[in-house]
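What follows is the residue order along each chain.
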Amino acid sequence: MNDVTPPPAALRPPDEDQAIWREAFKTGLPTLFGIGAWGLVVGIAMVKSGLTVPQALGMTLIVFGGSAQLASLPLIVADAPIWVVFATALVVNLRFVIFSALLAPHFAHLPWQKRFLLGYTAGDLTVALFLQRFPSEEPALGKVSYLKGLLYPNWVSWQVGSIAGVFLGSAVPTEWGLGFAGTLAILCIMIPLTVNRAALCGVLVAGATAVLAYELPYKLGLLAAVLLGMLAAMTVQALNEQREKREKRLAARGEPRV
């Protein structure tokens, strides 16, 4: 039997690079103040909702999701069943499943512990900024450093703001209208992300559902709004993709678009 020497494994560029980490930090730096302010609002809202300081600190450190935290607070105050609280937080955070699917091909070679840590600290803006810098799944120099340079400062900014809000919450007058401030903070994040027809359709359907289902017990109207909004956005996105494929086929054949 002839000895066959296997071909050498493809050399992967180093995952870590300090210059690329600094590049990522500079890219994400303009967002850190807004993230900290958003965390401050959520931290104050948790205390104002009746959570103790240890409970609020545990929530911000474990959940690390402002929209899920704010969605859960009214349910906790209303003594909703625990499954409703968890289901609401789960549905609100389903977008992170999509983020994970987008990031997985870039970091599948890493040990699961490192991927777990990167997944825990991932956020909406940081994932979007990473995919702008590395749209291709092909190995590239410093991918891990770039993601860390976005994620870790973002996580620190959020936690500093949120923890500050937790300790300042008892000193802030109720009449300041922090619920309205939280709504404005959500709008500031939502509007820049409404970049296409699918997202806009999802926002409109979710908003209309939330208004029409406002009287449902345990704030279930919020859960219904999230589900229907996501379904509407996914449907519109699928129809858009089908239309684009059809137009490409027609263009390839030299036929006019319908």
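The structure presented is a predicted model; accordingly, all values stated were derived computationally and were not measured.

Some words on the packing of aromatic side chains
No. 1: On inspection of all chains with the given rule, the structure shows nine aromatic pairs.
No. 2: Look at phenylalanine 64 and tyrosine 120: their rings are 5.7 Å apart centre to centre, the planes differ by 50°, and that puts the pair in the tilted class. Remark: tyrosine 120 occurs in helix H6 (residues 112-120) and phenylalanine 64 occurs in the loop between helix H2 (53-62) and helix H3 (66-77); sequence separation between them is 56 residues.
No. 3: With relative accessibility at 10%, the residue phenylalanine 64 sits in the buried group.
No. 4: On the accessibility criterion, tyrosine 120 (27% relative accessible area) is partly exposed.

Remarks on the UniProt feature "transmembrane region" (unreviewed entry) in the protein chain
No. 1: With numbering aligned to this structure, UniProt lists the feature "transmembrane region" (unreviewed entry) at residues 29-47, 56-76, 82-104, 116-135, 155-172, 184-214 and 220-239.
No. 2: What you have in residues 56-76 is 86% helix and 0% strand, and the ends, taken at the C-alpha atoms, are 12 Å apart.
No. 3: Strand forms 0% of residues 220-239 and helix 100%; the C-alpha atoms that close the span are 29 Å apart.

Re helix H10 (residues 197-212)
No. 1: Taking 1.5 Å per residue, 16 residues should reach 22 Å; H10 reaches 22 Å between its end C-alpha atoms and fits that length.
No. 2: Buried within H10 are the following residues: Ala198, Gly202 and Thr209. Each buried residue of H10 lies within a common arc of 40° when the element is viewed along its axis, so the set occupies one face. Of the exposed residues in H10, the ones pointing more than 90 degrees away from its buried face are Arg197, Leu204 and Val211.
No. 3: Buried residues in H10 make contact with helix H11 (220-253).

Topic: the nonpolar core
No. 1: The biggest cluster of nonpolar side chains holds 18 residues, and the ones touching the most others in it are Phe107, Phe130, Tyr146, Leu147 and Leu150.
No. 2: For this core, the leading source of residues is helix H8 (residues 143-168), giving five residues.
No. 3: When sequence neighbours within four positions are dropped, the list of residues in contact with phenylalanine 107 reads Arg115, Phe130, Lys143, Val144 and Leu147.
No. 4: Counting residues in hydrophobic clusters, the runner-up holds 14 residues, among them Trp38, Leu51, Ala56 and Leu73.

Notes on the pattern of salt bridges
No. 1: Evaluated as defined, the whole model comprises four salt bridges.
No. 2: Of the charged contacts, one joins aspartate 124 and arginine 95 as a salt bridge, the two residues approaching to 2.6 Å between their closest N and O atoms. In this pair, aspartate 124 sits in helix H7 (residues 124-133) while arginine 95 sits in helix H5 (residues 95-107), placing the two residues 29 residues apart along the sequence.
No. 3: Arginine 95 sits in the partly exposed class, given a relative accessible area of 23%.

Here we look at the packing of helix H1 (residues 18-48) against H7
No. 1: In the contact formed by H1 and H7, the axes pass within 11 Å of each other and the chain directions differ by 155°. As far as their axial angle goes, H7 and H1 are roughly antiparallel. For the pair H1 and H7, the crossing hand works out as right-handed. Contact residues: H1 offers Glu23, Thr27, Gly28, Thr31 and Ile35, while H7 offers Leu125, Leu129 and Arg133.

Observations concerning the environment of tryptophan 21
No. 1: Structurally, tryptophan 21 is set in helix H1.
No. 2: With near-sequence residues (within four places) excluded, tryptophan 21 lies in contact with Ser145, Lys148, Gly149 and Pro153.

Here's the deal with a positive patch on the surface
No. 1: Together, Lys245, Arg246, Lys248, Arg249 and Arg253 make up a region of like positive charge exposed at the surface.
No. 2: Turning to its location among the elements, arginine 249 is positioned in helix H11.

Examining a nonpolar patch on the surface
No. 1: A cluster of nonpolar residues, Leu61, Ile62 and Val63, forms a patch on the protein surface that exposes about 270 Å² of accessible area.
No. 2: The partly exposed category is assigned to valine 63, whose relative accessible area is 35%.

Brief notes about the side chain of glutamine 69
No. 1: Note on placement: glutamine 69 falls in helix H3.
No. 2: Since its relative accessible area comes to 0%, glutamine 69 is described here as buried.
No. 3: Those residues in contact with glutamine 69 that lie beyond four places of it in its chain are Val42, Met46, Met59, Thr60, Val63, Phe64 and Trp158.

Scoring rules and cut-offs
- Residues numbered from 1 in each chain as written.
- Predicted model: local features only at pLDDT ≥ 70, side-chain atom pairs only at ≥ 80, totals over all residues.
- Heavy atoms only, no water.
- Phe/Tyr/Trp six-rings, centres within 6.5 Å; stacked < 30°, edge-to-face > 60°.
- Helix = DSSP H or I, 4+ residues; strand = E, 2+ residues; numbered from the N terminus.
- Buried < 20%, exposed > 50% of the residue type's maximum accessible area, 1.4 Å probe, protein only.
- UniProt positions renumbered as here; feature names shortened; annotations may be inferred.
- Expected span 1.5 Å × (residues − 1).
- Arc of directions from axis to C-beta.
- Contact = heavy atoms within 4.5 Å.
- Core = buried A, V, L, I, M, F, W, Y, C linked by side-chain atoms within 4.5 Å.
- Salt bridge = Lys/Arg side-chain N within 4 Å of Asp/Glu carboxyl O.
- Axes fitted to C-alpha atoms, helices over the stretch in contact; angles between N-to-C directions.
- Parallel < 35°, antiparallel > 145°, perpendicular 65-115°, else oblique.
- Left-handed = near helix turned anticlockwise from the far one by under 90°.
- Patch = residues over 30% accessible without salt bridge, like charges linked within 9 Å, V, L, I, M, F, W, Y side chains within 5 Å.
- Areas by Shrake-Rupley, 256 points an atom, 1.4 Å probe, with all protein chains shown as cover.
- Lys, Arg positive; Asp, Glu negative; His and termini not counted.
- Charge placed at Lys NZ, Arg CZ, Asp CG, Glu CD.

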